[in-house]
Amino acid sequence: MSADDIVEIFQRVLETDGITADSDFFLLGGDSLLGTRVLSAVARTRGVELSFEDLLDAPTPDALAKKIAGVTR
């Protein structure tokens, strides 16, 4: 899963455009409820189960994509 894929998920969940690979989910207005929607979308798309703490540790599309790549190796 690329950072661009996660950008699309962030845009859909946050209902906003202009998100980049370096945009912080929480600074964009994301919260724990919306975060679970992001994590669910990742699980459906890639079959990778991440915890909410993973999103806290990697709140940008780029960082989250790297975390997913580390899990799927």
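Residues numbered from 1 in each chain as written. Predicted model: local features only at pLDDT ≥ 70, side-chain atom pairs only at ≥ 80, totals over all residues. Heavy atoms only, no water.

Trainee: Sorry, what's going on with the environment of Leu34 here?
Mentor: Residue position: Leu34 is located in helix α2 (residues 32-46). Residue classification places Leu34 among the buried positions, given a relative accessible area of 19%. For the pair Leu34 and Leu14, spaced 20 residues apart in sequence, the C-alpha to C-alpha distance is 7.5 Å. (Helix = DSSP H or I, 4+ residues; strand = E, 2+ residues; numbered from the N terminus. Buried < 20%, exposed > 50% of the residue type's maximum accessible area, 1.4 Å probe, protein only.)

Trainee: What exactly am I supposed to notice about the packing of aromatic side chains here?
Mentor: Each pair of aromatic rings is reported with the distance of its centres and the angle of its planes. Taken as a whole and judged by the stated rule, the model has three aromatic pairs. An angle of 55° between the planes, with centres 5.1 Å apart, marks the rings of Phe10 and Phe25 as tilted. Taken together, the residues Phe10 in helix α1 (residues 3-14) and Phe25 in the loop between α1 and α2 connect sequence positions 15 residues apart. Looking at Phe10, the relative accessible area reads 0%, which means it is buried. Residue Phe25 is classed as buried on the basis of its relative accessible area, which comes to 0%. Linked through ring pairs, Phe10, Phe25, Phe26 and Phe52 together constitute an aromatic cluster. (Phe/Tyr/Trp six-rings, centres within 6.5 Å; stacked < 30°, edge-to-face > 60°.)

Trainee: Is there a simple way to explain the environment of Asp54 in this structure?
Mentor: Inspection of the secondary structure assignment puts Asp54 in helix α3 (residues 52-57). Since its relative accessible area comes to 18%, Asp54 is described here as buried. In this structure, the C-alpha to C-alpha distance between Asp54 and Leu39, residues 15 residues apart in sequence, is 9.3 Å. In this structure, Asp54 is in contact with Leu64 and Lys67, ignoring residues within four places of it in sequence. (Contact = heavy atoms within 4.5 Å.)

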